[in-house]
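Residue-level structural notes
Here is how the chains run, residue by residue.
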Amino acid sequence: MIVAILELRAHILRFLQRFQLVVEPVVKFIIAFVVFRTINNAIGHETMLMSLPIELLLSLLGTFTPAVILILLAAVVSLAHIYVASPILAILVAILMAILYCFIARFSGKYGYVVLATPILFLLKIPYVIPLILGLVANPMTIIPTACGVVIYRMFQVVSSAAVADSTLAMEDILTLYIDVIDRLIADKQMILTIAVFFIIILAMYLVRKISMEYVFEVSIAVGAIVCILGFLVADTVLHAELDIISMVFGTVGSMLIALVFQFFRLALDYTAVERVQFEDDDYYYYVKAVPKINLAVPERSVKKISENDETVFSDEIDDAELSEEERYALGEESVEDEEEDEPFFHNQ
Amino acid sequence: MLNNRKVRLMTRLAMYEQTEGKEDVRLSKYFRSDYVRLNVLKTVVAITLGYLLVMVLLVVYHSEYLIREAVTLDYEGIILRYVGIYIIILSIYCGVGMIGYMIKYRASRKKLAKYFRMLRRLRILYREEGEPTEAEEESIGYDRGNT
């Protein structure tokens, strides 16, 4: 059974590796599409933005641009929806976003996309994936973008519920509406509570992960999930935060499964992160494809194709006896089975 | 003739150059004090902007009260209080930011130093490849002694 799963994993990895150039944009496109779909479903007011061609076009734009553009696009689309329902609330949301960026979000570093991922996963009912995975791969500082994501999600919840009531409002009621929204945002116990529990999850998982033992990542995920369920239960009973406990428990279990699958393929992510580099010296021009090793921390580089003065040297011309195992594997002649016993291609000094 | 060791070393160098090396090289163009100062300055601008926006929201939120009490308000006290809060927030951010950016700069410098060590190894490989002259042989020995 386990062998079959591992084989499947190896197959998937090989597939991903081979077609990385195709798979990567496809995955990005799917992610972008899910993002825009979810936003439209949750706060769709502007019907033009909700049409399929526009959604596809936006997703396509998100596919071929850096992640930060996708975040920006998502923010603009959300603001547009709010604007149609209530211009005054859209301005308020824009100001709040700017404040959030100035004070907190600009310190999120390379985890900036978490700010977008958190509200989207909230809408998909599995926000617990975020702390469970961040606890696995990142340090506790990543609570910064996570907290921003939670705030943005709650903000849109409050604002879109207010926006529905807003449609019949007269001008003089704008101030009342504004005060009402701000009051509800400040008094939002759930928001503070969610951020606190998420922070405890990330911290607990980070600490567990540092312990030296077997299956430490799986244990860490389990600890994270337990902390999550207990944390929200305690918060619910002590603070009466009116949480939906059943969906929380199911969401946590689902998130845990996702985190486990992620962990199973984590090195797969490394594996698909194939580095292609090109450089030259006096005599050659090098096209090098470097594959990080699947199960070992030490990256394995296999030299795939090297050409001399833009003339490809075909693998047949290379004497097999001179090739190392890695190189033969790279040429597709060696099976993958015993790769764990391979020596690291590089020896660190 | 292909030299495998050279290819590996160059691959590693190129990988670094094309990923995190970019940022490190960019950082290395600054003195540490300049880098930290620039980033703290950016933080000051962001905090000031953010604080102003918060003030706008606050003023609108309390606008009814402000208009009603416009004549009797203790403006001096209010301004002093909010400027005080601003200064406290700013100094916290600047202090933490300064330490954070210093740590970041130092880490980046370390990575860069490793990169240069690899470059030196590559240079040695080059010298070994080309039939070295006597003077070069001497310097290879010298380099090796140092690495």
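Placed above this text is the structure.
The structure contained in this document is the topic of the report that follows.

Here the focus is the overall build of chain B. Helix and strand content of chain B: six helices and zero strands. Reading chain B from its N end, one meets helices and strands in the order α-α-α-α-α-α. Residues counted as buried form 5% of the 147 residues belonging to chain B. Considering only residue pairs separated by 6 or more positions, chain B has 83% of its internal contacts joining residues 24 or more positions apart.

Here the focus is the interface of chain A and chain B. Between chain A and chain B, the residue contacts involve 20 residues of the former and 18 residues of the latter. For the side of chain A that touches chain B, the element with the most residues is helix α6 (residues 87–103) of chain A, which contributes five residues. Of the residues that constitute the side of chain A that touches chain B, the class distribution is 17 nonpolar, no polar and three charged.

This part takes up the nonpolar core. Residue and element names in this part refer to chain A. Among the nonpolar cores identified, the biggest contains 65 residues, and Val-35, Val-93, Val-129, Leu-132, Met-155, Val-159 and Ile-201 are the most heavily contacted of them. Here the element with the most residues in this core is helix α9 (residues 143–166); it accounts for 13 residues. Apart from the residues within four sequence positions on either side, Leu-132 is in contact with Ile-201, Ile-221, Gly-224, Ala-225, Ser-255, Met-256 and Ala-259.

This part is about the packing of helix α8 (residues 129–137) of chain A against helix α11 (residues 189–210) of chain A. Residues and elements named next belong to chain A. Contact geometry of α8 with α11 gives a least axis separation of 8 Å together with a crossing angle of 30°. The orientation of α8 with respect to α11, classified from their angle, is roughly parallel. Crossing of α8 over α11 shows right-handed handedness. Judged by residue contacts, Pro-131, Leu-132, Leu-134, Gly-135 and Leu-136 of α8 engage Phe-198, Ile-201, Ile-202, Met-205, Tyr-206 and Arg-209 from α11. Taken together, the residues of the contact of α8 with α11 sort by class into nine nonpolar, one polar and one charged.

What counts and what doesn't
Residues numbered from 1 in each chain as written. Chains lettered and ligands numbered in written order. Predicted model: local features only at pLDDT ≥ 70, side-chain atom pairs only at ≥ 80, totals over all residues. Helix = DSSP H or I, 4+ residues; strand = E, 2+ residues; numbered from the N terminus. Buried ≥ 20, exposed ≤ 12 C-beta atoms within 10 Å, placed from the backbone. Contact = placed C-beta atoms within 7 Å. Nonpolar A, V, L, I, M, F, W, Y, C, P; charged D, E, K, R; others polar. Core = buried A, V, L, I, M, F, W, Y, C linked by C-beta atoms within 7 Å. Axes fitted to C-alpha atoms, helices over the stretch in contact; angles between N-to-C directions. Parallel < 35°, antiparallel > 145°, perpendicular 65-115°, else oblique. Left-handed = near helix turned anticlockwise from the far one by under 90°.

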